[in-house]
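Fold and geometry: a report
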Amino acid sequence: MLHPSHRPLLLLILLLLHPLQSTSLLHVSPRPPPAAARKRPVALFSSNANADAGEDAGSAPPTLVWLTGRGDLRLSDHGGFRHAAACGGPTVPVYVLEDGPQAVEQPRSRAARTLAALRGLREELEGSHGVPLVVRRGSAAEELTALAASIGASSCAVVADDPEDGGGMRGGIEALEAAGVRVVRWGAGLRRAAPWEDRPELLPDTWEAYSDACAGLPADGPEDAPSPGGLVPFPGEIRSEGVPEDAPLTHPEWNGEGGDPTDAPYQNFTLSMSTEQFATEALRRYAADGRDAFASAFLSDAGSAPSLHAAAARRLLAGAPGQPSRVLAQREAPFRAFAPALAVGSVSARMVRATAEGAGHSSSRPDDKGGFLGQRDGPGALADAAEWSEYFR
């Protein structure tokens, strides 16, 4: 039975793994909507099936890689960058800070993590490939089509997320296609063989049914990042407004301006986890040192956020100074650490689950030890973080 002090954890997990995309902070669904209502699109590109490998690298046109902040702010296990590398022409990664009616307001902490992820990705792109990150502000439809026209891009790769879910994503896709730019959708699902990858309505409606469906479907492994120098920089100059230093487009209530602030505990740590370099090292540490040592290294200080959520975490940790594993729930350390990273995409679910398997987790069934609230070892708890990210994506 779940200890009373840990009952809020299930709600916390849902908040972390189901990023808010609307201005309603209080509405949290304990499970996905009915299958008929889900419209998760099919990924039309798999980087294992390289349709563009035959192009002449010397004459290939530029490829846009549209970054959205919806689980795609990294280089590793990223179908968009692998597609661009396979095309052979210049790669132009672009992120659009939406303005106007298409903009999606988000909590300050979420916006800050997105910007931190963008800065980390900018450094990785420039350091490993000499490719700059282009940042534009405005309408995604207008900025992307103008950019594609100015550089002569023939295709644009974008994560296979719900194009109807705000942020101008559907409008951007439609505008690009109307302008003659081929839009390539890519995905990083845990199981390519799963029936819901081709038919999203087949994703089971309950966690138990999802677990049963996964029992005979081993998870796929992550794909490597393009090798250093594998992405070709664009030879000319491209206008970019740069990554802003402050979080834009955040709701006053989430800034703490309209009442009690809502910042979660461990905010400095989760901010660091927004960069691929830090998050992948954290995965290595978790696998090498174990859950308890990982919690002691990273989760002994809940931070100074002036919210009731953070105050409750500080009070809990005060009961076991320097030993957070004594008071944290079975899955709390990996979920606290990796759910925010999965949300912005500094790591992928496949990267997280592969690390769990490397540390000794061997079951393809997500709840192989008595349901989600049952006992779980360290590698199993890490695998669950990936599975819940997959289930609610």
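Up top is the structure.
Everything quoted here is computed from the prediction, not taken from an experiment. (Residues numbered from 1 in each chain as written. Predicted model: local features only at pLDDT ≥ 70, side-chain atom pairs only at ≥ 80, totals over all residues. Heavy atoms only, no water.)

1. Quick word on the pattern of salt bridges
Throughout the structure, instances matching the rule amount to 15 salt bridges. Between Arg-82 and Glu-223 there is a salt bridge; the shortest N-O distance is 3.4 Å. Linking Arg-82 in helix H2 (residues 79-87) with Glu-223 in the loop between helix H7 (207-214) and helix H8 (267-272), this pair joins segments that are 141 residues apart in sequence. Using a relative accessible area of 27% as the deciding quantity, one classes Arg-82 as partly exposed. (Salt bridge = Lys/Arg side-chain N within 4 Å of Asp/Glu carboxyl O. Helix = DSSP H or I, 4+ residues; strand = E, 2+ residues; numbered from the N terminus. Buried < 20%, exposed > 50% of the residue type's maximum accessible area, 1.4 Å probe, protein only.)

2. Notes on H2
With respect to burial, H2 is a largely interior element, seven of its nine residues being buried. Of all the residues in H2, the buried ones are Gly-79, Gly-80, Phe-81, His-83, Ala-84, Ala-86 and Cys-87. Contacts from the buried residues of H2 go to strand S1 (63-67), strand S2 (91-98), helix H3 (108-129), strand S4 (155-159) and strand S5 (182-186). Gly-88, located one to two residues past H2, shows a positive phi value of around 90°. (Contact = heavy atoms within 4.5 Å.)

3. A few points about the nonpolar core
Counting 45 residues, the largest nonpolar core has Tyr-210, Phe-269, Met-273, Phe-294, Leu-299, Phe-338 and Val-347 as the members making the most contacts within it. Among the elements of the structure, H7, helix H9 (276-289), helix H10 (291-298), helix H11 (308-318), helix H12 (332-344), helix H13 (349-358) and helix H14 (378-391) are those that each provide at least two residues to this core. Take this core: its biggest share by element is seven residues, from H14. If we ignore the near neighbours within four places in the chain, the residues touching Leu-299 are Tyr-266, Phe-269, Phe-294, Leu-317, Pro-324, Leu-328, Ala-333 and Arg-336. Among the nonpolar cores identified, the runner-up in size contains 24 residues, and Leu-147, Ala-153, Leu-176 and Trp-186 belong to it. (Core = buried A, V, L, I, M, F, W, Y, C linked by side-chain atoms within 4.5 Å.)

4. Structural notes on the environment of Leu-316
Mapped onto the fold, Leu-316 is located in helix H11. Residue Leu-316 is classed as partly exposed on the basis of its relative accessible area of 26%. For the pair Leu-316 and Arg-326, spaced 10 residues apart in sequence, the C-alpha separation works out to 9.9 Å. Among all residues touching Leu-316, those that are not within four sequence positions of it are Val-327 and Leu-328.

5. Thoughts on the pairing of S4
Regular strands show a simple pattern: their side chains alternate between the two faces of the sheet. Of all five residues making up S4, five are buried, and the element is well covered by its neighbours. Of the two faces of S4, the one carrying Ser-155, Ala-157 and Val-159 and the one carrying Cys-156 and Val-158 are both buried. Relative to S4, S1 is paired through four bridges, and the arrangement is parallel. Opposite Trp-66, over in S4, you have Val-158 as the bridge partner. (Pairing = 2+ DSSP bridges.)

6. Considerations on the pairing of S1
For S1, a buried count of five out of five residues is recorded, marking the element as mostly surrounded by other parts of the structure. Side chains Thr-63, Val-65 and Leu-67 of S1 all project onto a buried face; the interleaved residues Leu-64 and Trp-66 project onto the opposite face, where all are buried too.

7. Quick notes on the sheet that holds strand S3 (residues 134-138)
Here five strands make up an open sheet; going across it, the order is S3-S2-S1-S4-S5 and the pairing parallel. Looking at strand neighbours, the two that pair on one side only are S3 and S5, the edges of this open sheet. Strand-to-strand, the axes of this sheet are offset by a mean angle of 30°, without reference to chain direction. Sheet topology places S4 next to S5; five bridges connect them, and they run parallel. Across the sheet, the residue bridging to Ala-157 is Val-184, located in S5. Here H2 sits on the sheet in contact with S1, S2, S4 and S5, set at roughly 175° to S1. (Axes fitted to C-alpha atoms, helices over the stretch in contact; angles between N-to-C directions.)

8. Topic: the packing of aromatic side chains
Considering all chains together, one arrives at 15 aromatic pairs under this definition. Consider the rings of Trp-196 and Tyr-210, whose centres lie 5.8 Å apart with planes at 45°: the pair is tilted. Taken together, the positions of Trp-196 in helix H6 (residues 195-198) and Tyr-210 in helix H7 put the pair 14 residues apart, joining distant regions of the chain. The buried category is assigned to Tyr-210, whose relative accessible area is 0%. Their ring planes at 45° and their centres at 5.1 Å tell us that Trp-207 and Trp-388 sit as a pair that is tilted. Of this pair, Trp-207 sits in helix H7 while Trp-388 is found in helix H14, placing the two residues 181 residues apart along the sequence. With respect to class, Trp-207 is no different from Trp-388; both count as buried. (Phe/Tyr/Trp six-rings, centres within 6.5 Å; stacked < 30°, edge-to-face > 60°.)

9. What about the packing of H12 against H14?
When two helices pack together, their arrangement is captured by the angle between the axes and the distance separating the axes. At a minimum axis distance of 10 Å, the contact between H12 and H14 shows a crossing angle of 35°. As for the relative orientation of H12 and H14, their crossing is right-handed in sense. Listed contacts from H14 to Pro-334, Phe-335, Phe-338 and Leu-342 of H12 are Ala-381, Leu-382, Asp-384, Ala-385, Ala-386, Trp-388 and Ser-389. Of the residues belonging to the contact of H12 with H14, the class tally is nine nonpolar, one polar and one charged. (Left-handed = near helix turned anticlockwise from the far one by under 90°. Nonpolar A, V, L, I, M, F, W, Y, C, P; charged D, E, K, R; others polar.)

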